[in-house]
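One letter stands for each residue in the lines below.
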Amino acid sequence: GSRQQSPIETSRGGGRRVEGRIMLNEWVIPAHSNINIQQRSQEVVSKCLWQQALESNSKLTDVKIHLDCGKVFTAHRSVLCSRSKVFLGMFESDMEEARTGDVKICDLSAPVCSEFLSFIYTGSTSKVADGSELWALADVYEVEDLKDFLLCSLDEASILGAARFASTTGCPETSEALRAACAEVGRKCLPHITKERLVGVTREECQLIMSKHAGSLEKFKFVERWYRANTATDSSTQHNTCRDSERSEGDEAHEGVSKLLDLIDLRLVSSTDLLAVVKPSKLVSAERLNSLYERRLRNMEWAAQKFEHLKSVGIMGNEEVQFNRPTGVALTEAGGVAVADQENCRIQIIGLTNASVVRFGSRGDGFGRFLNPVAVAVDRTGE
């Protein structure tokens, strides 16, 4: 049945206001809803206005932006003025742009202009690999939040362009802001920057990007990717990739890799990774690697312990338990010692507890023969 309208009920829409709440057919909606209706309404209006601007023959726009390439964009004077003090001053003055609504922008590509207008209308752009032109527009038209947007949007795809812009821009404030952002993004995404993206990147840009990353191994891998991307891959070049080898003057990759490696603390790289990653790259000299190994051995707990001398074996000669330039030694699981007897071209395994001796090998290049063996190793099974 029908109900009588109370004095506090409104006469439109069947709604009424009771104790600060709006009643709609007894469905109570809190006056302070968690839904940000104002923000959603603004987004809808922005998108509608942007769609109008994209229509070349729209009757609702009152500004035309002309580019050198002949491309013309339409826009709303009110939107441009609300987002840029430069546009506001332009259209509030007696300038020709204010009278005609025609704005000319030189040295600007159509895609970048489209992204610039998209941000002015909607507050976002599509994924941009190099935002240097957008940053320049933000500077000229004083759209500061566009700069913030570009800095927050940096990732592994755009960081290299930003690093280059930071090193070439003449504005100290711009350079400082970009350098700080690149270093922070590099700290997170350094492992994801591929070799293909590093072609043509300078040493200074690499140094900036890796400056805040904490992992020494990831830094090394990054430097190696940069080096491979900017050098030839023929065998003659690979043969000379060692840090201490001769390099042609003016080759930035050869000169730069040495300086970049000096910034990496290889002491923090595990022995396994030194052997599996660093050594095969041939970017670090054998002398430096040996120094790292020796330092690691000296720092081990057992290296500082005092050991009891058990036994001395062997004299100069070529008979059993005799040696001629023994150069490699390894311990067996059974408590024996395997020795690479270099000049005798053989391996001897001597049991320290039961005085057993195993010898094998002779001079030659056939199976079971050696040409001056210099090292010997024993696996966990005793082989």
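Residues numbered from 1 in each chain as written. Predicted model: local features only at pLDDT ≥ 70, side-chain atom pairs only at ≥ 80, totals over all residues. Heavy atoms only, no water.

Caption draft 1: Main features of the overall build of the chain. From N to C terminus, the chain includes 15 helices and 14 strands. Expressed as a percentage of the 383 residues in the chain, the buried residues total 36%. Here the analysis covers contacts within the chain between residues at least 6 apart in sequence; of these, 54% occur between residues at least 24 apart. Accessible area of the chain: about 24,000 Å², with a carbon and sulfur share of 51%. (Helix = DSSP H or I, 4+ residues; strand = E, 2+ residues; numbered from the N terminus. Buried < 20%, exposed > 50% of the residue type's maximum accessible area, 1.4 Å probe, protein only. Contact = heavy atoms within 4.5 Å. Areas by Shrake-Rupley, 256 points an atom, 1.4 Å probe, with all protein chains shown as cover.)

Caption draft 2: Region of the structure containing the sheet that holds strand 4 (residues 63-67). With respect to topology, 3 strands assemble into an open sheet ordered 5-4-6, the strand pairing being mixed. Every other strand in the sheet has two partners, leaving strand 5 (72-75) and strand 6 (102-105) as the edge strands with one partner each. Across the sheet, the axes of successive neighbouring strands diverge by a mean angle of 25°, strand direction being ignored. The sheet contact formed by strand 4 and strand 6 spans 4 bridges and is parallel. Paired with Lys64 across the two strands is Asp102, which belongs to strand 6. Sheet strands in contact with helix 5 (residues 110-122) are strand 4 and strand 5, and its direction is about 5° off that of strand 5. (Pairing = 2+ DSSP bridges. Axes fitted to C-alpha atoms, helices over the stretch in contact; angles between N-to-C directions.)

Caption draft 3: Here's a closer look at the sheet that holds strand 9 (residues 326-331). The 4 strands lie next to each other as 9-10-11-12, forming an open sheet whose pairing is antiparallel. Both edges of this open sheet fall to strand 9 and strand 12 (357-360), since each of them pairs with a single strand only. Pairs of neighbouring strands in the sheet enclose a mean axial angle of 20°, with direction left out of account. Pairing of strand 10 (residues 336-341) with strand 11 (residues 346-351) involves 6 bridges; the strand directions are antiparallel. In the strand pairing of strand 11, Ala340 is matched with Ile347.

Caption draft 4: Looking closely at the environment of Val199. Note on placement: Val199 falls in the loop between helix 9 (172-189) and helix 10 (203-210). Residues Val199 and Thr231 lie 32 residues apart in sequence; the distance between their C-alpha atoms is 9.2 Å. With near-sequence residues (within four places) excluded, Val199 lies in contact with Ala229 and Asn230.

Caption draft 5: View of helix 7 (residues 144-152). Listed in full, the buried residues belonging to helix 7 are Leu146, Lys147 and Leu150. Around the axis of helix 7, the buried residues are gathered within 105° of arc, so they sit on the same side. (Arc of directions from axis to C-beta.)

Caption draft 6: Inspection of the confidence of the model for the chain at higher detail. With 81% of its residues at a pLDDT of 70 or more, the chain has an overall mean of 82. The spread of mean pLDDT over the elements of the chain runs between helix 12 (residues 235-238), the lowest at 41, and helix 11 (residues 216-229), the highest at 95. Scored below 50 in pLDDT, residues 5-14 makes 14 contacts in the model with residues more than four places away or belonging to other chains. (pLDDT = per-residue confidence, 0-100.)

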